[in-house]
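As a plain string of letters, each chain reads:
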Amino acid sequence: MIKRLTLIMLLFTGALQAQHKTEIIAFLESDQDVLRIKQKLEIYNNSDTSWDHIVLLDWANAFSSNQTPLATRFAEDFKNKFQFSIETERGNTIIATDSIEQKKYRIERVANQQDIVKLFLKEKLAPNQSVVLDIKYTVKIPVDDFTGYGKNSNEDYSLKYWYLHPAPFIDGKWDYYSHKDLDDFHGAQTDFSVSLHLPVEYRAISDLTKIIEANQPDRNSYLFEGNKRFEAVLYILKNTDNFTTYSVPGINVVTDIKDDNVPLEVKVIFNDRIASFLQDRLGKYPHEDIFISERYYRENPIYGLSSLPSFINPFPAGFTYEIKMLKALSRKWIENGIHVNPREEAWIQQSMMIYLMMQYQKLYYPDLKIGGKLSDIWGIRGFNASQLKFNESYPLLYLNSARMNLDEAVNTPADQLIKYNQQIGIPYKAAIGLNFLNDYLEDDSLEKSIREFYLENQINLTNSNTFRAILDQNATKNVDWFFEEYITTHKRLDWKINRVNKTADSVFFRIKNKSKLNIPVPVYLMNNDSVITKKWIEGIKGDSLISLSRKRANRIAVNHEELIPEFNPRDNHKTLKGFPSLDRPIEFRLFKDIEDPERAQIFLMPDVEFNIYDGLTLGTRFYNGNLLPKPFRYSIKPGYGTNSNKLVGSISLGYAHPIQDRDERLYEVRYGASANTFSYADDLLYRRASGWLQFSYRPKDLRSNKNQSLTFRNIYVDRDRDPSTPVDEPDYNVFAINYSHSDNNLKRVFNYSIGTEVSSQFSKATYRLRWRKLFKNNRQLDFRVFAGAFLRNDSQSSGDFFSFALDRPTDYLFDYNYYGRSEDTGLFSQQLIVAEGGFKSQLEPAFANQWITTVNGSYSLWNYIHVYGDVGFVKNKNRDAKFVYDSGIRLNLLQDFFEFYFPIYSNNGWEVGQNNYDEKIRFIVTLDINTFVKLFSRRWY
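The shown structure was predicted, so the numbers you read here are calculated from the model rather than taken from an experiment.

Definitions and limits used
- Residues numbered from 1 in each chain as written.
- Predicted model: local features only at pLDDT ≥ 70, side-chain atom pairs only at ≥ 80, totals over all residues.
- Heavy atoms only, no water.
- Salt bridge = Lys/Arg side-chain N within 4 Å of Asp/Glu carboxyl O.
- Helix = DSSP H or I, 4+ residues; strand = E, 2+ residues; numbered from the N terminus.
- Buried < 20%, exposed > 50% of the residue type's maximum accessible area, 1.4 Å probe, protein only.
- Arc of directions from axis to C-beta.
- Contact = heavy atoms within 4.5 Å.
- Pairing = 2+ DSSP bridges.
- Polar contact = N/O pair within 3.5 Å; in protein donor to acceptor, adjacent residues only side chain to side chain.
- Axes fitted to C-alpha atoms, helices over the stretch in contact; angles between N-to-C directions.
- Expected span 1.5 Å × (residues − 1).

Undergrad: How should I be thinking about the pattern of salt bridges in this particular structure?
TA: Should their charged atoms come close, side chains of opposite charge can pair. Summed over the entire model, instances satisfying the criterion amount to 47 salt bridges. The salt bridge partner of Arg468 is Glu484, with a shortest N-O separation of 2.7 Å. One end of the pair, Arg468, is in helix H10 (residues 464–474); the other, Glu484, is in helix H11 (residues 480–486), with 16 residues separating them in the sequence. The class of Glu484 is partly exposed, set by a relative accessible area of 46%. Here Asp494 ties to Lys514 by a salt bridge, and the two come within 3.5 Å at their closest N and O atoms. You can see Asp494 sitting in the loop between H11 and strand S21 (495–502) and its partner Lys514 sitting in the loop between strand S22 (506–513) and strand S23 (521–527), a full 20 residues away along the chain.

Below, the structure written as structure tokens:
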């Protein structure tokens, strides 16, 4: 017995010693923003495979150029700060060649992964053996504008990935990936010893344990240590007084998260309450101190948390501070206790973090609404959104991407998710799933399983299969659907009640499972808004007939509590009163709001538009759109033109049919009709009616910006006749087909389209191409090509109204937002819409009734100052083709939204020295708020 116990103790001791170790000696040279590092790595082979090389994560080198995976990620998310930064603002790692001690290894960087280092060993490292490697290198610290880590404007340093860290070796291979600003560092467990030496004006603080602090006349020195750590975060500051330590039972909370309006003793109570809650739900934190910085919180904040000043803060005293600490502490608690591959299985940590927050809010703030006290103010309390409780905001934010047909599977790797899903949609969807699962299980087996999973995997790397095994053992119901259906699919969840029959004692109804997923759903018998009976129905993959005792119910419902967000909850309720129209009574509401699934809502909103003929068009928009996108949309906008004194406006109806099968490139089918009438000249109206059908295509990879569409349109235009310029055909009908391809990115834009238009008077074909390239030196080259030809043209009696325009299209289809479409002189005649010929100077011939070919180009000289040039040929019937050109300076203040063009030289000669030069300047100004929203939302979707 003693021998067996001794053997077990020896094996246990060996296991404790079988650990990577790193000893770092680092000197900060603040004048150069450089860390000079000597690092001793003791690498232990804890696998059953001999290693001929070792992989180190060098994420500090991810900032070394604009060609790294990190730089590529920035460009994909339309973040241009890094692209336009200078070399001194970026970072890198330079490994000294003399650090290759005694030729023990040679160093290579992985191709196209500049932040991954491979050390090829001279002698293989056998299982259960270790090797000691000494490396000297220099780390250039970047500015913190890119990721929030680095040197800030106060010359303080926040360092997260500042040293070489061994990658984990899992299942017979090195498990590593590059830095992509996803806060998902995946290093092997390591024992740390960090000796840090700083200029005298700096102090240091770390999530490692401070062993020694020595303040000397010429420098300040520190020794930090930490065992079984997966990373080492370091802050080098001129003032560390912002960090406060709160000693609560079982742990010390070290943080610089501030709220001057919350007394210290209240902060202690909050941190004590949060820590006690987490210890109860998860277990003891694996280290003595838990380090939480404001920067760490900002990596994963609470989206939508009120940023109102404290004097109108609508929440209970200290709530904002408490909820921020809850989010940060929950995340840190889980990250340091549940170690999974955070890129492949981020949902495990994220779902449990959000789920715990939901449980905390339900426990301590069960009735708190997202508007706080503002939710009770007249004029605000009438909005459904203001009455949402905090936990009800999670399904709403998740559904945003689902309604846009951008939902993705919960287990999708983090770097493959669109930004909105990676930061908001998927964590919320996963947590909602856990909450749904907990309600379905109807006991404490989920919370018991989470705690066991946390306690049993605080040291070792784990995965979702381990959690599933624990839950399977504890649950009294089948939970396979959660892991095999809910987690693994992007398909929207949706149920519907139909075919209701009732008797005095019973009710029979059919549930239609639109998603065809085998996920349980609760059904309810209700008396008005009170739940009489709740029953879970399992195994519904298609339609299922349900029979329940009626009792005193006058309504039936499915998913009434909205435990799981549905794509369309509007068909979840049925009345038993005998009047189907009462299922969803009509309700008018002022301004956009969240949807009430039990009512047919019509929203009203003041609407203002502008052109110089109607002036300000003041009106009201009637529409069914709420805060979440929906397939069927209608909009009716009657208005009154303050200049024209006429009733104008528009009406549109459209339906978007999303394609759920991602194996097919067809992404969405849209169709609809619209009509509008506005003034196109003084005292002259046009009336336009259009029907359209569009097929949209995109790759399976939703992060790709590639899109294709095939569009069919029929446009009918009726115009008031102008006595001064009569035309034979003021009314016309045009059928148009257009195929377009677009691939818009920060570094490269490539779009083209091919189209044709057919009318009784003409038929034509067009080709458009746009190419823009951002080079390594941050210079930009922009090219646009347009070619158009009439296949038939019998419209000469209409002048050049249907002709191709060199500089200012007539816009006979009324597609463009001209503020003064009929103006030949004055400011509004200078509005530029780059279409057809795309010229900026007004040249002759201004139109082509046979064919036209033009090329527009520009090149950046410095920042927003570009030089532009246009060349082309214009061909009219019975006339030779004419070569045309112009050139000038372009002020590109906001690409395609706010620009100015100053002509210099063209067929007209030197335009700068000519009379009335100010009338030759052209401008692009976009006033449509929706267009600006798309400019900023593109990085999220």
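Undergrad: How should H10 be read in this particular structure?
TA: What sets the pattern is the α-helix's 3.6 residues per turn: residues three or four places apart point alike. Buried within H10 are the following residues: Ser464, Phe467, Ile470, Leu471 and Asn474. For H10, the arc enclosing every buried residue in end-on projection is 125°, short of the 170-degree limit, so these residues lie on one face. H10 presents Asn465 and Gln473 as exposed residues on the side facing more than 90 degrees away from its buried surface. In this fold, the buried residues of H10 make contact with helix H6 (346–364), helix H8 (419–441), helix H9 (445–456) and H11.

Undergrad: Explain the sheet that holds strand S9 (residues 157–159) here, please?
TA: Sheets are built from strands paired through backbone hydrogen bonds, the pairs being either parallel or antiparallel. On the basis of which strands lie adjacent, the open sheet formed by 4 strands has the order S8-S9-S17-S14 and antiparallel pairing. Of all strands in the sheet, those bounded by a partner on one side alone are strand S8 (150–151) and strand S14 (203–206). Bridge analysis of S14 against strand S17 (residues 234–237) gives 4 bridges, and the strand direction is antiparallel. The partner of Ile205 across the bridge, within S17, is Tyr235.

Undergrad: Sorry, what's going on with the side chain of Gln39 here?
TA: Examined against the element boundaries, Gln39 turns out to sit in strand S2 (residues 34–44). Polar side-chain contacts of Gln39 include one of 2.8 Å to the side chain of Thr22. Excluding its chain neighbours within four sequence positions, the residues that come into contact with Gln39 are Thr22, Glu23, Ile24, Leu133, Asp134, Ile135, Tyr137, Tyr163 and Leu164.

Undergrad: Please clarify how the pairing of S17 should be interpreted in this entry.
TA: Working note: regular strand, side chains alternate between the two faces of the sheet. Every second residue of S17 is oriented toward a common face, with Leu234 and Ile236 on one face and Tyr235 and Leu237 on the other, all of them buried. Examined bridge by bridge, S9 and S17 share 3 bridges and lie antiparallel to one another. Paired with Leu159 across the bridge in S17 is Leu234.

Undergrad: For this particular structure, what's the right way to read the sheet that holds S21?
TA: Pairing is antiparallel in the open sheet, where 3 strands are placed in the order S21-S22-S25. Strands with a single pairing partner mark the edges of an open sheet, and in this sheet they are S21 and strand S25 (543–549). Adjacent strand axes in the sheet meet at a mean angle of 25° when their direction is disregarded. Bridge analysis of S21 against S22 gives 6 bridges, and the strand direction is antiparallel. Note on S22: the bridge partner recorded for Lys496 is Lys512.

Undergrad: How should I be thinking about helix H3 (residues 264–281) in this particular structure?
TA: The first and last C-alpha atoms of H3 sit 26 Å apart over 18 residues, in line with the 26 Å expected at 1.5 Å per residue. Lys267, Phe270, Asn271, Ile274, Ala275, Phe277, Leu278 and Arg281 are the residues of H3 that are buried. Within H3, the buried residues cover an arc of 160° as seen down the axis, which keeps them to one side. For H3, the exposed residues lying more than 90 degrees away from the buried face are Glu265, Ile269 and Asp280. Those residues of H3 that are buried lie in contact with strand S18 (244–248), strand S19 (251–255), helix H5 (319–335), H6 and H9.

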